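# Architecture and fold: a report
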Amino acid sequence: MKTHSQVIPRVFVRALVRWGSSALAAFRPVFRGEGAPAPLVAKRKLPFAVLFTLLAVSVAHASPFVPAKRPAAPVLLKGGEVHTVAGAVLAKTDVLLVDGKIAQIGADLAAPAGAQVIDVTGKRVYPGLISANSQLGTEEISSVRATVDSAETGAINPNARAQVAVNADSELIPVTRANGVLTVLTTPTVTGDGQPSSGLLAGTSALLRLDGWNWEDMTLRANVGLHLNWPAAAEGRRGRGRGGDDPQKRVEEQVKTLRHAFAAAKAYLRARAGAQPVETDLRWEAMLPVLRGEMPVFVHADDIKQISAALDWARDEGVTMILVGGRDAWRVADRLKAADVAVIVGGTFELPARRDDGYDDVYTNAAKLHGAGVRFCIANSSGPAAGATNARNLPYEAALAAAFGLPADEALKAITLYPAQILGVGAELGSIETGKRATLIVTDGDPLEIPTQVELAFVDGCGSVLARDSAWCACRDQGRSHKYRGQVSGMPGSLLRLGLGGGTGSVRSADCAKTDDILLASRFPPRRSDGRELRGDWSNASGLAPRMFTPRFIF
């Protein structure tokens with residue numbers, strides 16, 4: 001998938017060539033001394049304006065952050081306070097990462113030959129946070145339609161895949177990663193098309209690791225589940241729906257459309273099992289794993305009427321249901337528990353939905369579900385505070401639930417272990433245990449607390465670039481030569497990352513003089529101020545003690 005920075009310049013060049021050819025032809029009479037230019041020039045005003053628009057847009061660049069390189073040697077995190085989440089908190093404990101997995105956990109582990117040893121004494125080690133409901137990667141600016149690719153028009157789109165729409169160059173990914181969220185379930189949404197049955201089956205979601213060159217690199221699990229938006233009665237004045245229709249009648253029509261879609265999919269399944277060949281239908285093909293019990297249905301519903309109706313429907317259809325949103329889930333906790341339906345709580349940054357609701361109904365939802373024994377996790381809010389822009393706020397959604405009755409250790413599990421279990425990857429993610437993926441964070445405090453800083457992050461053992469911890473100098477060439485002179489001072493062995501127009505790189509301060517001047521140009525490799533090549537590993541190495549040096553860039 002190409003980014004805008006890759007496509008637009010080509011369009012710009014083609015437009016420039018066409019404009020130049022036309023302008024040359026128009027002014028040919030002048031060059032020959034035959035009089036005024038041809039009238040064609042007057043007709044070129046609009047293309048000329050378009051040309052300048054393309055020029056303005058073409059200066060946009062993709063995110064300067066690049067995926068981390070897999071370490072060639074094991075990594076040993078030494079002496080940290082390890083919060084395993086699945087078990088006890090281990091003080092002064094080492095964690096050994098080998099080939100992207102957690103190989104050993106214990107005190108005073110011997111570093112393997114050639115291992116990279118990182119002293120995290122006084123720091124805390126947690127599993128990476130998991131957001132179980134997000135549009136990260138498919139939505140950049142929610143108010144700009146061209147940057148949103150999370151929905152298809154129409155009512156029934158089970159074959160739509162959020163996975164292939166993910167933009168790995170999204171500026172929101174490094175921002176989210178910098179706050180400890182390293183794994184997200186990117187879900188499709190629905191968009192209305194003006195029809196009574198619009199927006200029911202949105203498509204399938206994908207579980208992504210927040211590090212990779214493209215959506216193929218980022219995908220942990222493709223087609224995690226089919227997403228269904230249960231019909232809601234949106235009432236207007238005097239109990240009438242939008243457009244003056246009967247809201248209850250509209251809901252009944254949508255439910256009928258939904259049942260018809262599943263009936264058609266079941267007929268398609270039976271036909272495929274028969275002896276006669278069947279014409280392939282991608283919509284029903286996408287639903288076969290659901291009908292076979294291999295894939296759950298994520299039902300997005302908030303109101304108690306929606307949730308109750310969805311539970312009845314899931315029982316009748318015989319499908320595995322996971323409730324998403326669930327603002328009123330606590331009101332039917334007994335039914336959810338009896339049916340063993342897990343709930344992805346749609347965050348806590350929301351106001352009461354009804355005038356007679358308690359002010360804290362949303363805040364206490366997770367605590368009540370926990371008390372009732374319902375399996376749950378906490379995702380980002382689905383209300384006004386929703387959107388990929390706020391994916392970084394996941395730990396604070398859990399913190400608010402903890403402030404209103406949810407035990408602190410359960411709040412942490414609600415954004416680590418519990419979402420991993422609900423999404424079917426509990427054996428790989430969500431806790432710090434031997435054999436699991438080395439997707440974890442190192443912090444200077446409790447990640448649920450706002451002042452806490454995430455100092456290191458590892459995605460499958462790869463040291464991930466954190467925006468607040470790295471020294472970045474993005475050279476964005478806008479038609480003039482950019483040369484920046486910087487001074488780097490710090491302890492030998494500390495790591496400096498430089499983001500340049502031509503790519504990114506890293507160099508240890510031990511490779512250059514402690515206060516040596518470095519001439520940074522928009523090309524590689526960078527050179528010292530004396531012209532000599534600045535040597536080092538330009539492969540975006542993992543983050544070693546990013547605060548042990550003080551970069552100063554002079555513009």
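Let us look at the structure shown here. (Residues numbered from 1 in each chain as written. Predicted model: local features only at pLDDT ≥ 70, side-chain atom pairs only at ≥ 80, totals over all residues. Heavy atoms only, no water.)

Another point: the environment of T176. Topologically, T176 is positioned in helix α4 (residues 172-177). In this structure the C-alpha to C-alpha distance between T176 and L210, which are 34 residues apart in sequence, comes to 8.6 Å. Those residues within four positions of T176 in sequence are excluded, and the remaining contacts are L136, V181, L210, A391 and R392. (Helix = DSSP H or I, 4+ residues; strand = E, 2+ residues; numbered from the N terminus. Contact = heavy atoms within 4.5 Å.)

With that settled, the discussion passes to empty space enclosed by the protein. Tallying each qualifying case throughout the model produces 5 cavities of 30 Å³ or more. Roughly 60 Å³ of volume is contained in the largest cavity. Forming the boundary of the largest cavity are D302, G325, R327, V345, G346, G347, E350, V362 and N365. Residue composition of the lining of the largest cavity, grouped by class: 2 nonpolar, 4 polar and 3 charged. (1 Å grid on protein atoms, 1.4 Å probe; cavity = no way out; pocket = protein on both sides within 12 Å on 5 of 7 lines; lining within 4 Å. Points joined across faces, edges and corners; volume = space filled by probe spheres on them. Nonpolar A, V, L, I, M, F, W, Y, C, P; charged D, E, K, R; others polar.)

All right, on to the pattern of salt bridges then. Counting across every chain of the model gives 26 salt bridges. The closest approach of N and O atoms between D316 and R259, which form a salt bridge, is 3.8 Å. Placement of the pair is D316 in helix α8 (residues 304-317) and R259 in helix α6 (residues 247-273), with a sequence separation of 57 residues. We classify D316 as partly exposed; its relative accessible area is 46%. Overall, R259 belongs to the partly exposed group, its relative accessible area being 33%. (Salt bridge = Lys/Arg side-chain N within 4 Å of Asp/Glu carboxyl O. Buried < 20%, exposed > 50% of the residue type's maximum accessible area, 1.4 Å probe, protein only.)

Below, the discussion takes up the sheet that holds strand β10 (residues 201-204). Reading across the sheet, the 6 strands line up as β10-β13-β14-β15-β16-β17 and stay open at both edges, with mixed pairing between neighbours. Each edge of the open sheet carries a strand with a single partner, namely β10 and β17 (376-378). Between one strand axis and the next, the sheet turns through 20° on average, direction left out of account. By the bridge criterion, 4 bridges tie strand β15 (residues 321-325) to strand β16 (residues 342-345) in an arrangement that is parallel. Following the sheet pairing, L323 is matched in β16 by V343. Contacting β16 and β17, helix α10 (residues 361-372) runs over the sheet at an angle of about 160° to β17. (Pairing = 2+ DSSP bridges. Axes fitted to C-alpha atoms, helices over the stretch in contact; angles between N-to-C directions.)

Spatial ordering of the open sheet is given by β6-β8-β11-β12, a layout of 4 strands whose pairing is mixed. Unpaired on one side and paired on the other, β6 (129-134) and β12 (219-221) mark the two borders of the sheet. Looking at each pair of strands side by side, their axes are set apart by 30° on average, direction ignored. One ladder, built from 2 bridges, connects strand β11 (residues 206-209) with β12; its direction is antiparallel. The residue bridging L207 from the neighbouring strand is R221, located in β12. Contacts from helix α11 (residues 394-403) reach β6 and β8 (181-186), with the element oriented near 95° to β6.

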